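The residues making up each chain are set out below.
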Amino acid sequence: MGAITDPVRIEMSDLIFATANENKVKEVQLMMPSGFAIKGLRDIGCLEELPETTGTIEGNSRQKAMYVHEKYGVDCFSEDTGLEVAALDGEPGVDTAHYSGSRDPEANIRLLLMNLRNEGNRAAQFKTVFTLIIGKNVHQFTGIVTGKIAEIPTGNMGFGYDPVFIPDGYSTTFAEMKTEEKAPISHRGKAFAAMTAFLTQNFWK
Ligand code: IMP
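From a predicted model like this one, the values you see are computed outputs, not experimental measurements.

S.K.: Looking at this model, I keep getting lost on the pairing of strand β2 (residues 76–85). Mind explaining?
M.R.: One face of the sheet, then the other: side chains in a regular strand alternate in exactly this way. Of all the 10 residues making up β2, nine are buried; the element is thus mostly covered by neighbouring parts of the structure. Across two bridges, the pairing between strand β1 (residues 16–17) and β2 is parallel. Note that in β2 the partner of phenylalanine 17 across the bridge is phenylalanine 77. Bridge count for β2 against strand β4 (residues 123–134) is 10 bridges, and the pairing is antiparallel. Counted as the bridge partner of valine 85 is alanine 124 from β4. Across two bridges, β2 lies against strand β3 (residues 92–93) in antiparallel orientation. Along β3, the bridge assignment pairs glutamate 84 with proline 92. Between β2 and β3, which pair antiparallel one after the other, the connecting turn spans six residues, and aspartate 89 there sits at a positive phi close to 55°.

Right, here's the structure in full:
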C-alpha cells in the first residue's frame, strides 16, 4: 500500500497573478505576507490581452485564469471585478470596465452619475471574484464591499470608480483613501483574504 503523502506545499511566488492591471497588483502586493513578491504576466512573457467574454464576473475571472494556465502551463490566480448599482438593476456589473463604450474611467463615471441623476437610492457594491488554479483544481473566492455612489467625484487616489464609491461606515470615497487603507476593507481585499486563508490551510509552507 502506498504511503499517504502530505499535500503539495508551495510558495506564493510560485503563483502568477494573471492581470495586466498595475493598480490591482499594487493592492494585492500590499496585502501579501511580508517577504512575498507577486509574479505577473510579464514574468511568463504573456503580453496579450486576456479573454473576458463569458458575460459574468465569475465566468470572466475563471476564463482569464484558465487561459493563462492552459497556454503557459503555470499555476495562477486571476480576478474580475464589477460595480453593481441597485437603482440600475445591478448595472454596470460585468460591463463595468467599458460601461460608456470606452475604458476611460472619467467617461464611465460621467455616464454612471448621469444615469443616477435625480435618484435617491445610491446603494451599490463592488464584487470581486478571484479564481485560483492550483494543480488541476479550480477554486473561486468572492469579496463584496457595500456602499453608495457619491453625487460628485472626490479624491485622486486609487483607480476606476474609486472617486465615486463611498464604502459603508465611511464618509470618504475610496479615492480619498491611501492604498494601505482601501486595500484591506475593499472587495478585492476580502476576496484575497479568503484565498490566502485557503492557501495557508492547504498549500503554503
Ligand atoms: P476588470 O475586473 O479589470 O474587468 O475591471 C472592471 C472595472 O472595474 C474597471 O473599469 C476597473 O477600473 C473597475 N474597478 C475594478 N476594481 C476597482 C476598484 O477597486 N475600484 C474602482 N474601480 C474598480
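S.K.: Explain the pattern of salt bridges to me, please; I cannot follow it from the model alone.
M.R.: A pair can form between side chains of opposite charge whenever their charged atoms are brought close. According to the stated counting rule, one finds 11 salt bridges in the structure shown. The partner of glutamate 27 in a salt bridge is lysine 182, and the shortest N-O contact between them spans 2.6 Å. Remark: lysine 182 occurs in helix α4 (residues 179–185) and glutamate 27 occurs in helix α1 (residues 22–31); sequence separation between them is 155 residues. Look at lysine 182 and you get buried, because its relative accessible area is 2%. For glutamate 52, the salt bridge goes to lysine 64, with nearest N and O atoms at 3.4 Å. In this pair, glutamate 52 is assigned in the loop between α1 and α2 (57–72) and lysine 64 in helix α2, connecting sequence segments 12 residues apart. The network of salt bridges with common partners includes Lys24, Glu27, Glu79, Asp162, Lys182 and Arg188.

S.K.: Please explain the environment of phenylalanine 165 as it appears in this structure.
M.R.: Its location among the elements puts phenylalanine 165 in strand β6 (residues 165–167). In this structure phenylalanine 165 comes out as buried when scored by relative accessible area, which is 0%. It is 9.3 Å that separates the C-alpha atoms of phenylalanine 165 and threonine 146, two residues lying 19 residues apart in sequence. Dropping the residues within four chain positions of it, phenylalanine 165 is found in contact with Leu83, Ala124, Gln125, Phe126, Val145, Thr146, Gly147, Lys148, Ile149, Thr172, Thr173 and Phe174.

S.K.: Is there a simple way to explain the pairing of strand β5 (residues 137–149) in this structure?
M.R.: Taken together, the 12 bridges between β4 and β5 define a ladder with antiparallel strand orientation. Each bridged residue has a counterpart across the sheet, and for lysine 127 the counterpart in β5 is isoleucine 144. Connecting β4 to the next strand, β5, in antiparallel fashion are two residues, including glycine 135 with a positive phi near 65°. One ladder, built from three bridges, connects β5 with β6; its direction is antiparallel. Note on β6: the bridge partner recorded for glycine 147 is proline 167.

S.K.: Could you clarify how one ought to interpret the site of the ligand in this entry?
M.R.: The ligand sits among 15 residues. The nearest are Lys24, Asp162, Lys182, His187 and Arg188. One of the side-chain N or O atoms of lysine 24 is found 2.7 Å from an oxygen atom in the ligand. Interatomic distance of 2.6 Å between a side-chain N/O atom of aspartate 162 and a nitrogen atom of the ligand. Bound to the protein, the ligand loses 90% of the 490 Å² it would expose on its own.

S.K.: What should I look at first to understand the side chain of asparagine 60 in this one?
M.R.: Structurally, asparagine 60 is set in helix α2. On the basis of relative accessibility, which here comes to 3%, the residue asparagine 60 falls in the buried class. For asparagine 60, the side chain forms a polar contact with the main-chain nitrogen of threonine 53, separated by 3.4 Å. Excluding residues within four positions of it along the chain, asparagine 60 makes contact with Glu52, Thr53, Thr54, Gly55, Asp80 and Val94.

What counts, and where the lines are drawn
- Residues numbered from 1 in each chain as written.
- Predicted model: local features only at pLDDT ≥ 70, side-chain atom pairs only at ≥ 80, totals over all residues.
- Heavy atoms only, no water.
- Buried < 20%, exposed > 50% of the residue type's maximum accessible area, 1.4 Å probe, protein only.
- Helix = DSSP H or I, 4+ residues; strand = E, 2+ residues; numbered from the N terminus.
- Pairing = 2+ DSSP bridges.
- Salt bridge = Lys/Arg side-chain N within 4 Å of Asp/Glu carboxyl O.
- Contact = heavy atoms within 4.5 Å.
- Near = heavy atom within 4 Å.
- Polar contact = N/O pair within 3.5 Å; in protein donor to acceptor, adjacent residues only side chain to side chain.
- Areas by Shrake-Rupley, 256 points an atom, 1.4 Å probe, with all protein chains shown as cover.

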